[in-house]
Amino acid sequence: MIPFLDLKRENATCLTELQDAMCRVSESGWYLHGEEKALFEEQFATFCGVKYAIGVANGLDALRLILLAYKEIGRLHDGDEVILPANTFIATALAVSACNLTPVFADCDIKTYNIDPISVQNKLTARTRAIIAVHLYGQTADMNALKSISENNKLILIEDAAQAHGATYHQKKAGSLADAAAFSFYPSKNLGALADAGAVTTDNDELDEVIRSLCNYGSSKKYEYQHKGINSRMSELQAAVLNVKLKQLDANNLKRNQLAQNYSQHIHNNHIIKPSISNKGEHVFHLYVIRCQNRDSLQAYLTKSGIQTQIHYPIPIHKQEAYKEYSKLSLPVSEQLQNEILSLPLYPTLKEVEINYIIESLNNWQI
Ligand SMILES: *Cc1c(COP(=O)(O)O)cnc(C)c1O
């Protein structure tokens, strides 16, 4: 059986370093707001090419904190509309809803699977105040187009970079392409901790200050509260883990790219459409997502052949029970993709024999 993802295998490549780091923290007597987090924030900001990185508890909180901070600053108000893609992980929408803002779902591009700027343009209203661009599957969204829509309409532009650590757009890193960005370090992400963790990146001094306070109960001085904040901390243990794993990120992204190239060069089956890669930057292949009109039978065949696959995501957000008020909304490309997409195994430790077997199985598949 070839697993869709094998985190035990992934983390084994730096197990001793991880164990040393975790021992160091557990022996230190200091578990929150310490040196490991400060070091990670500094190194991750440098990695992304921004002034600030703020460590928080998870990716959903990172998104929520950006939106909350803009409310505190007075740039967003209850009920304001925020445009985001329908084809994304639910957290992107939940962050908007949790802040009492109104999600407005845009359709995506059939080739890149990313948010379609034309659809964004069509969704603008007098109440639109922000756009969240998701760099889905590890490929940056069409940021120049989204930036010009934002600038023309005085909107806030936010990146959901939870799947795109290290991805670039015209030589600039994800995390540095908009007003602020949210990252997740959930264990399966390209940069993954050993539990939940997240970060916000930004160049904006005021946003940095407000988010640092908001994630600490709204306080920047002990027992004095400027904002009605939340508790969203990155632990020293996870920061120490991330300090070890950040050193491997570039090499791991390179391996992901080589594996993806292997798939793209050697999968030859008329029923399978391979992902298209834009020439605007480096894709970091959080996921390698193919399309197939007979997706369900292809998936069943692969399962029988011992190859685990997944679907990211089987139901677009506007068709989810949680968002039933949007169920009549029509977003044809997202709805088509939901029936055709299939994610193949892709992680740095995937072995050559495994990938060759997956390719051979795909090439031998007949409807
Ligand atoms: C993983 C993910 C998130 C949420 O991150 P958590 O750390 O799980 O809260 C948000 N958006 C996208 C696109 C993601 O893939």
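Positions within a chain are numbered from 1, following the residues in the order the chain's sequence is written. Only residues with pLDDT of 70 or above have their local features reported here, since the model is predicted, and side-chain atom pairs are shown and tallied only from 80 upward, although totals for entire chains, interfaces and linings are computed over all residues. Side-chain measures here rest on the full set of heavy atoms in the structure, leaving out hydrogens and waters.

1. Details of the overall build of the protein chain
- Numbering of helices and strands starts at the N terminus; helices are DSSP runs of H or I of at least 4 residues and strands are runs of E of at least 2. Helices and strands together make up the secondary structure of the protein chain, namely twelve helices and twelve strands.
- In terms of overall dimensions, the protein chain has a C-alpha envelope of 65 × 55 × 35 Å along the principal axes.
- Taken over 367 residues, the protein chain has a buried fraction of 56%.
- By definition, residues are in contact when any of their heavy atoms lie within 4.5 Å. Counting contacts in the protein chain only where the partners sit at least 6 residues apart, residues at least 24 apart contribute 71% of the total. Remark: exposure states derive from per-residue accessible area (1.4 Å probe, protein chains only) relative to the maximum for the residue type, with buried under 20%, exposed over 50%, and partly exposed in between.

2. Looking at the nonpolar core
- Among buried residues, the Ala, Val, Leu, Ile, Met, Phe, Trp, Tyr and Cys ones that are joined through side-chain atoms within 4.5 Å form a nonpolar core. Ile 66, Leu 67, Phe 105 and Ile 211 are the most contacted members of the largest nonpolar core, which totals 37 residues.
- Only strand S1 (52–56), helix H4 (59–73), strand S2 (81–85), helix H5 (91–98), strand S4 (128–134), strand S5 (156–160), strand S8 (180–184) and helix H8 (205–214) provide two or more residues apiece to this core.
- Inspection of this core shows a minimum of three residues originating in each of domain 1 (7–246) and domain 2 (249–364).
- Contact partners of Phe 105, with chain neighbours within four places excluded, come to Leu 84, Pro 85, Ala 86, Ala 93, Lys 123, Ile 317, His 318, Tyr 323, Tyr 326, Leu 329 and Leu 331.
- By size, the runner-up hydrophobic cluster in this structure holds 35 residues, among which are Ile 2, Leu 259, Ile 341 and Leu 346. Domain boundaries shown here were taken from an automatic or database domain assignment.

3. Observations concerning the sheet that holds strand S11 (residues 288–292)
- Pairing between strands requires that DSSP locate at least two bridges from one strand to the other. Ordered in space as S10-S11-S12, the three strands form an open sheet in which the pairing is antiparallel. Strands with a single pairing partner mark the edges of an open sheet, and in this sheet they are strand S10 (272–273) and strand S12 (341–344).
- By the bridge criterion, two bridges tie S10 to S11 in an arrangement that is antiparallel. Note on S11: the bridge partner recorded for Ile 273 is Arg 291.
- Each of S10, S11 and S12 touches helix H10 (residues 295–304); the most contacted strand, S12, lies at about 25° to it. Fitted lines through C-alpha atoms give the axes, limited to the stretch in contact for helices. The angle between two N-to-C directions lies from 0 to 180 degrees.

4. Observations regarding the packing of aromatic side chains
- For Phe, Tyr and Trp, rings pair up if their centres lie within 6.5 Å, where Trp contributes its six-membered ring, and each pair is then called stacked (planes under 30 degrees apart), edge-to-face (over 60) or tilted (otherwise). The tally for this structure, following the rule as stated, stands at twelve aromatic pairs.
- Note on Phe 285 and Tyr 288: the rings are 5.9 Å apart at their centroids and 25° apart in plane angle, and the pair reads as stacked.
- Looking at Phe 285, the relative accessible area reads 2%, which means it is buried.
- Through pairs of rings, three or more aromatic residues link up here, namely Phe 40, Phe 44, Phe 47, Phe 183 and Phe 185.
- Positioned above the aromatic ring of Phe 47, the side-chain terminus of Lys 173 is 4.1 Å from the ring centre.
- A ring is scored as having a charge over it whenever the NZ atom of a lysine or the CZ atom of an arginine sits within 6 Å of its centre and within 35 degrees of its normal. In this structure, Lys 189 is placed above the aromatic ring of Phe 89, and the distance from its NZ or CZ to the ring centre is 5.9 Å.

5. Re the environment of Thr 125
- Within the element layout of this structure, Thr 125 appears in the loop between helix H6 (117–123) and S4.
- Put simply, Thr 125 and Asn 153 are 28 residues apart on the chain and 9.9 Å apart in space, counted from C-alpha to C-alpha.
- Side-chain atoms alone can form a polar contact between residues adjacent in sequence; in general such a contact is a pair of N or O atoms within 3.5 Å, and within protein one must be able to donate a hydrogen while the other accepts it. For Thr 125, the side chain forms a polar contact with the side chain of Glu 81, separated by 2.7 Å.

6. A word on the site of the ligand
- Looking at the ligand, there are 13 residues lining it, with Gly 59, Asp 160, Gln 163, Ser 184 and Lys 189 nearest.
- Within the contact set of the ligand, an oxygen atom lies 2.9 Å away from a backbone nitrogen or oxygen of Leu 60.
- Here an oxygen atom of the ligand sits 2.9 Å away from a polar atom, N or O, in the side chain of Gln 163.
- Method for areas: the Shrake-Rupley scheme with a 1.4 Å probe, in which residue coverage is limited to the protein chains shown. The protein chains hide 92% of the 380 Å² of surface that the ligand would expose on its own.
- Listing elements by their share of the shell around the ligand, those giving two or more residues are H4 and H5.
- Residue composition of the shell around the ligand, by class: five nonpolar, six polar and two charged. Consider each residue's heavy atoms; a residue with any of them within 4 Å of a molecule or strand counts as near. In the scheme used here, Gly and all other residues not listed as nonpolar or charged are polar, with Ala, Val, Leu, Ile, Met, Phe, Trp, Tyr, Cys and Pro taken as nonpolar and Asp, Glu, Lys and Arg as charged.

7. A short note on the pattern of salt bridges
- We count a salt bridge whenever a side-chain nitrogen from Lys or Arg sits within 4 Å of a carboxyl oxygen from Asp or Glu. Counting across every chain of the model gives 15 salt bridges.
- A salt bridge links Glu 41 to Lys 37, with the shortest nitrogen-to-oxygen separation between them at 3.2 Å. Separated by four residues within a single helix, Glu 41 and Lys 37 lie in helix H3 (residues 35–48), roughly one turn from each other. When sorted by exposure, Glu 41 lands in the same class as Lys 37, which is buried.
- Notably, a salt bridge pairs Arg 127 with Asp 80, separated by 3.2 Å at the nearest N-O pair. One end of the pair, Arg 127, is in the loop between H6 and S4; the other, Asp 80, is in the loop between H4 and S2, and 47 residues separate them in sequence.
- Several salt bridges converge on common partners, so that one network encompasses Lys 37, Glu 41, Asp 208 and Arg 212.

8. Let's talk about the sheet that holds S1
- As summarised here, the arrangement of the seven strands in space is S1-S9-S8-S5-S4-S2-S3, forming an open sheet in which the pairing is mixed. Either end of the sheet is taken by a strand with one partner, and the two such strands are S1 and strand S3 (102–106). Across the sheet, the axes of successive neighbouring strands diverge by a mean angle of 25°, strand direction being ignored.
- Pairing of S4 with S5, which is carried by five bridges, proceeds in the parallel orientation. Paired with Val 134 across the two strands is Asp 160, which belongs to S5.
- Each of S1, S8 and strand S9 (198–202) is contacted by H3, which is oriented at about 135° to S1, the strand it contacts most.
- Lying on the sheet, H8 is in contact with S1, S8 and S9; it crosses S1 at an angle near 15°.

So, to be careful, I would describe these as geometric facts and stop short of saying anything about function.
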